[in-house]
Structure formats: C-alpha cells, structure tokens
Amino acid sequence: ELIPLARARDLSNLAWAFATLELRGFDSLLLAIAREAVVQIADFTEQNLSNTCWAYAKIGLRHDPLIKAIADETVRKLPQFSAQGLSNTLWGFATMVIKGEECLGKSAWQLICALLEELITRLPDCPTQQMSNSAWACCRLGVRHDGFMQAIAVEGMKKLPNYTCQDLSNTAMAFAKPNINAREFLKALAAEAARKIWSFEAREVSNITWSLNIMGPGIIDEQWLEPALKHFRTLVRVDFDQGKRHDGDFEGWEMVQLLNAAWAYRSGLSEWPVLAQTFRERIYGPVVRALAGIVGRGPMFQASAHIPAAPLAAAGASVAPAEAEAPRLYNAGPVTSAALAAALCPPPILEPLQQAREDAQNIIAKLQVDFLGPVFTRSALRDLGFLDPGDSRALDPFDPRAEQAPGSPPWGDHARGAVEDALARLKADLPFMWFDRFGPHERRVQCWMAYRMEVEVPLGAGPWRSHLAEDGRIADFSLDEHRAMCQHGQETFARLEAKGSGKVHFSLQDVQRAQQWLHGLFAQHDRAGHCERQALLELTLEVVDTLRSFQHQHVGDAQAVEKCLSEGFFDGSLGVVVRGHLRLFVCHFYCISCLAAISNFARRFPEVTLHMDYDDCWQTRLLDV
C-alpha cells in the first residue's frame, strides 16, 4: 500500500537492497516496485536506472515493462551515466538475456549499441573488471561490435597487468566466440594468463584454454598448456566419491572442454595421461555406458542390475504367499494405516528403457556435462555403433600416439555441401539479427538426413512390405515441444500435413506419441527442438504414416500393427519390423541430449543401421551471421 507513495530513489534503493542482501521469496513486493517504477521512470536518475537494472538481474526477476522502460529512459539519459553505470546496465541486460523478443528486441538493441558507443569513449576511465564485464556482456548477448572490441584490445594492452584471472578468462571468451581476431592482444593476454595461471579457478582454466585454442595456432602451445593442465589437476579431486560432491569436485563440462582444447597437443603434455584417464573413468565411460543402456545392445551395454526373485516354494507345495502385516498405530485412523501399508510396498519396477533413460538423466545431472566436444563425440558414436566403418577419423582419442586421419566418408562430404547451401539460403532469408549473431544457436543448426527403409508386416498369406527412400533433405529446429503441454505436436502435425499436401494418415495423437518415444535428456536446458531429433521424429512419423496407410488398405489386418503403433518398438517383437540404414549429418557436434534421442531411436529400430557425422561450428564458422 505504501509503494505508490515512494519516490524514484526509494524504489531504486529498495530493489538494490534486496539484491545486495540476496533476499529471495519477495517476488510480489519486487513486482509491485517494478510496476511503480515504470510509472515514475522519467524521474529516475542515471544511478537509479543502472542500480535498478543491476538489482533485478542479480535477483533473477524479470518484468518486461520495466526492462523496456529502463532501456528507453537510459538511451535518453546516456550522457549522464558514469562508466560504472554504463557497465552495470550492460551487465544487467546480458544477465537477464534480454534479446530477440519482439516486444523488447529493438529497444534492447538500441540501448546496447548506445551503451557500447558511449563506453568506447569512457574505457580509459574503466577498471579492468568493468572492461571485462562489458566484453562478456556482448558475448552473452551474441552482439558483435568490432569497434568496441577493438577499443577493448587497445585499452586492454595498457592494463593487462591489472587483469584478474576472471577478467582474463571472460575477455578471452568475449573475443573467441564472435571470432574477433585481435591477435596481438590475445597473445599478450595468453602471456599474462600464463604468469597468473596458478591463481586461476578450474572453470577459468577450462574457459581460457578453450577460447585461446579456437582462435587458431600460434596463441597457445605445449609450453603454455603444460602448467595450465598441471594446475587444473591440482584443483580437481580425481578420486572423489561418486555419492556426494565436495569442494574440489569438478563439473563435467570443465574437463570435457579442457581436454578437447588440449587434445591436439596431447603427445607433448606430461599431464595428459592422468587427466585423460580421469576423464575416461569419471565422465566419458559413465556417460557412454548410460547411452548404451538406452540402446540396449553393443559392446558398451551393461545389463540392468538383476533384482532377485523371492525364493520358490518347495516342489509340489501349494503355499499361499504370506501377507506382510503393516505396523499400525493404536490411534491411527484408516488413512494413516493405509499410508503405512503403502510405505511397505516396494516401488514399481520400471520398464527397462524407461529405467535406462532415468539412469542416464541422473548421470548427466550429477556430472554436469551437456556435450562431449568435437573429439570425444566421434569416439562415443564409434563406441555406440553409430559411426560409418569407412570413416577414417574413427580413432581412439585416449591414445596419445593416434594420429587424426583427414577426410570423412563420401556421403558426409555430400551432406556437408548440402548443409552449407541450406545455411546460405537461411541466412539470406533472415531478418536483421539484433542478437545471437555467432556460434551454435540452436535455431540455425541444420541437419541433413538420407535413408533407405523397408517396413514389413507379417501376415498369414505372406509378409506385406513397403519401402521408404530419401536421398537427402534438411531438418530444422522446432519450437513445437517448447510450447504449452496441451499444444505439443500441433506445429509438427500441421507442418508435415502441409508438406504432404494434406495427405497424411497419422494423427495428432501419433505425433505426440512419437515425441515421447524419442526423448532426449535435460542437459542444462530443454533441447527437444534440436534439428537432429526433429529429423528422427520426421522419419519415425513416416514409418507410422506407412503403417496407418496399411491399416486403411487392409482393414481385416489392421489390429496386427496397432500394438506396435501404440508402444513404438519396430524390432519384430510386436509384429512390425523396420530394416534399412539412416545417415545423419549435423553442422555442429551432437549434444548429450541428441545422443540420447539417437540412442532411443536405435533401441526402437534395432534393424536400422545408423551412421552419423558432424562438424564443429567453432572451426567452420558456418553458423555465424
């Protein structure tokens, strides 16, 4: 009730206080402050604006009308801002990832550009933290501003001795991701990092190594990497208990990123064998075995733990099973008694595929790993049986003597060309991109697929067969399953129906069921829309469409395929068997979630041979706009 009586300074100070004290659980009050701030935004000073933006970013509470009001008012009052105010506002927008939305995109873009132009003139007055935070914010938002980054490089050369470890790591990444090749500055930054490497945290070692490595040879080498890896090994406990995490236990992605970056230099690194063995035992092995559990076969597959059955009664004896008597509280009513009885019942045994998926999800969550990187993804595909035998790059990445063979199978070269053409058309048709202008943005990643399939239904008079063929087409990202649960499947159904000129035999329910069959994993965020999973979904629905067409043509035998269409196993166990081969190429290496979706497909279509290939967009730069 008192909020409308507060002045602009009071509103800003109150929000700042909640953020500084890290007080959570007061969203109603903070939203009320935000609503009143929108009304009084013209009275906010530059300090009020920057503090308010910083506060809501720090708390993690988003209020779009306030964001737009701050953006528009900041542009009007920009000359009044201090360098710290400019940096804090930029950091706030990046932390809340305010970008691209129709209602905010233009306002946010105008603000970010104005902030950067103003900051260029203020950089001599900025401490290194403000410089690195501002560069990091550009990277976070996917903004490429060459003039600002060049100014950072020029001013950074003067202040490098004052850069903290976090400043060095964040700045390196801010240049690497948008591919801004300020080579002399990056060499100097690498030299400064080498002098301070023993003060770096594990995450900072991983990030700066990856960043400097993707900028090409000549910035870091074995002499730079050796102490970096030695220090990283002292930071992480290589023998930690799998049950509970402690200080010093690493997050999986840190080691994945570091070892992929150092891989090309491994033969000259004394620390490589120990770190590689730790990675193999603690991350790579558990992840690939979990994926193999989903596939349900192959050399990496390990059967689920056997649950022993109860002892059998003596032969010939007819013994009624004894009922366990639930402990009953003397004053317990029927609800409490029933609850106690239910507690005695063991949890239901999960179906093997569901159990395998849950096990994999638990491992991914515990290890905090969402990818295996450009080197180890190919090894995982090989171990899972998804790599073309003709792929000469199929080596053991843990062998320091193994040499990377050039080239991919001929179909991979063809697919790569098709994806390059598709990306060129996509970028030509894009509207102006305010943000997300570089890197593997999921909505730009493209997947190529080709297949030959035979669908067989056993009948009394002999098997019925149908053939499916595709010489190569592109699959895109889909927002379908990012919408409300009740809307899942609708976009996919409408798109495929339009593609078939309205002639599809499957239903919306079939689409929703197929989406459940091809679950990925939740790895830091929802990846259900990724293009490689959409390719598998399209192919699965083509098989379903063929079987629905069979039902329409053979009404008397329609029930012969209904159980298969209901449960989604096409291995012959439910009558229908699908044979053939499938080739997939994606322009950036597969994430863990997509590897799980591919493993799900392999479990349901075991007679289909899968061959996978991919590129690394941080090397090809095909996804930069």
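Higher on the page you've got the structure.
Residues numbered from 1 in each chain as written. Predicted model: local features only at pLDDT ≥ 70, side-chain atom pairs only at ≥ 80, totals over all residues. Heavy atoms only, no water.

(A) Quick look at the overall build of the protein chain. Counting its regular elements, the protein chain contains 24 helices and 4 strands. Residues classed as buried in the protein chain amount to 53% of the 625 residues present. For the protein chain, long-range pairs separated by at least 24 residues make up 76% of all intrachain contacts whose partners lie at least 6 apart in sequence. (Helix = DSSP H or I, 4+ residues; strand = E, 2+ residues; numbered from the N terminus. Buried < 20%, exposed > 50% of the residue type's maximum accessible area, 1.4 Å probe, protein only. Contact = heavy atoms within 4.5 Å.)

(B) Structural context of empty space enclosed by the protein. Scanning all chains against the criterion turns up 2 cavities of 30 Å³ or more. Lining the largest cavity are Thr52, Cys53, Tyr56, Leu61, His63, Leu66, Ile67, Ile70, Phe93 and Met96. Breaking the lining of the largest cavity down by element, the ones donating at least two residues are helix H3 (46-59) and helix H4 (64-76). Each residue belonging to the lining of the largest cavity can be placed in one class, and the counts come to 8 nonpolar, 2 polar and no charged. (1 Å grid on protein atoms, 1.4 Å probe; cavity = no way out; pocket = protein on both sides within 12 Å on 5 of 7 lines; lining within 4 Å. Points joined across faces, edges and corners; volume = space filled by probe spheres on them. Nonpolar A, V, L, I, M, F, W, Y, C, P; charged D, E, K, R; others polar.)

(C) Region of interest: the packing of aromatic side chains. Applying the stated criterion across every chain yields a total of 17 aromatic pairs. Measuring from ring centre to ring centre gives 4.4 Å for Phe601 and Phe605, while their planes differ by 20°; the resulting arrangement is stacked. The same class applies to Phe601 and to Phe605, which are both buried. Three or more aromatic residues joined by ring pairs make a cluster, and in this case those are Phe279, Tyr284, Phe376 and Phe398. Between Arg378 and the ring centre of Tyr614, over which it is positioned, the NZ or CZ distance is 4.1 Å. (Phe/Tyr/Trp six-rings, centres within 6.5 Å; stacked < 30°, edge-to-face > 60°. Lys NZ or Arg CZ within 6 Å of the ring centre and 35° of its normal.)

(D) Focus on the environment of Val287. Along the polypeptide, Val287 turns up in helix H14 (residues 272-295). Apart from residues no more than four positions distant in its own chain, Val287 is found in contact with Ile363, Ile364, Leu367, Val369, Leu372 and Ile592.

(E) Here's a closer look at helix H12 (residues 222-235). If you check H12, its first and last C-alpha atoms are 20 Å apart, about what 14 residues at 1.5 Å a residue would give, namely 20 Å. Measuring from the backbone nitrogen of Gln223 back to the side-chain oxygen at the start of H12 gives 3.2 Å, which picks out Asp221 as the cap. (Expected span 1.5 Å × (residues − 1). Polar contact = N/O pair within 3.5 Å; in protein donor to acceptor, adjacent residues only side chain to side chain.)

(F) Broad picture of unusual backbone geometry. Although it is not a glycine, Asn179 adopts a positive phi angle of roughly 65°. Relative accessible area serves as the criterion here: at 32%, Asn179 is assigned to the partly exposed category.

(G) Here's a closer look at the pattern of salt bridges. Going through the model one piece at a time under the given rule, you end up with 40 salt bridges. Between Arg122 and Glu118 there is a salt bridge, with the nearest N and O atoms lying 3.0 Å from each other. One end of the pair, Arg122, and the other, Glu118, are both in helix H6 (residues 105-122), 4 residues apart, so they sit about a helical turn from each other. Exposure remark for Arg122: the relative accessible area of 15% places this residue in the buried category. Overlapping salt bridges bring together Arg378, Asp391, Arg393, Asp413, Arg416, Asp613 and Asp615 as one network. (Salt bridge = Lys/Arg side-chain N within 4 Å of Asp/Glu carboxyl O.)

(H) The arrangement of the pairing of strand E1 (residues 447-457) in detail. Among the 11 residues in E1, 10 count as buried, and that is most of the element. Of the pairings in the sheet, the one linking E1 to strand E2 (residues 464-475) comprises 10 bridges and is antiparallel in character. Bridge pairing links Tyr451 to Glu470 in E2. Between E1 and E2, which pair antiparallel in sequence order, lie 6 residues; one of them, Gly462, sits at a positive phi of approximately 125°. Note that E1 and strand E3 (residues 577-586) share 10 bridges and pair antiparallel. Residue pairing in the sheet places Glu454 in a bridge with Arg579 of E3. (Pairing = 2+ DSSP bridges.)

(I) View of the packing of helix H19 (residues 490-499) against helix H20 (residues 508-517). Remark: H19 packs on H20, axes separated minimally by 9 Å, with the N-to-C direction vectors making an angle of 120°. In terms of their interaxial angle, H19 and H20 are classed as oblique. Crossing handedness for the pair H19 and H20: right-handed. For the pair H19 and H20, the contacting residues are Gln490, Thr492 and Phe493 in the first and Leu508, Val511 and Gln515 in the second. (Axes fitted to C-alpha atoms, helices over the stretch in contact; angles between N-to-C directions. Parallel < 35°, antiparallel > 145°, perpendicular 65-115°, else oblique. Left-handed = near helix turned anticlockwise from the far one by under 90°.)

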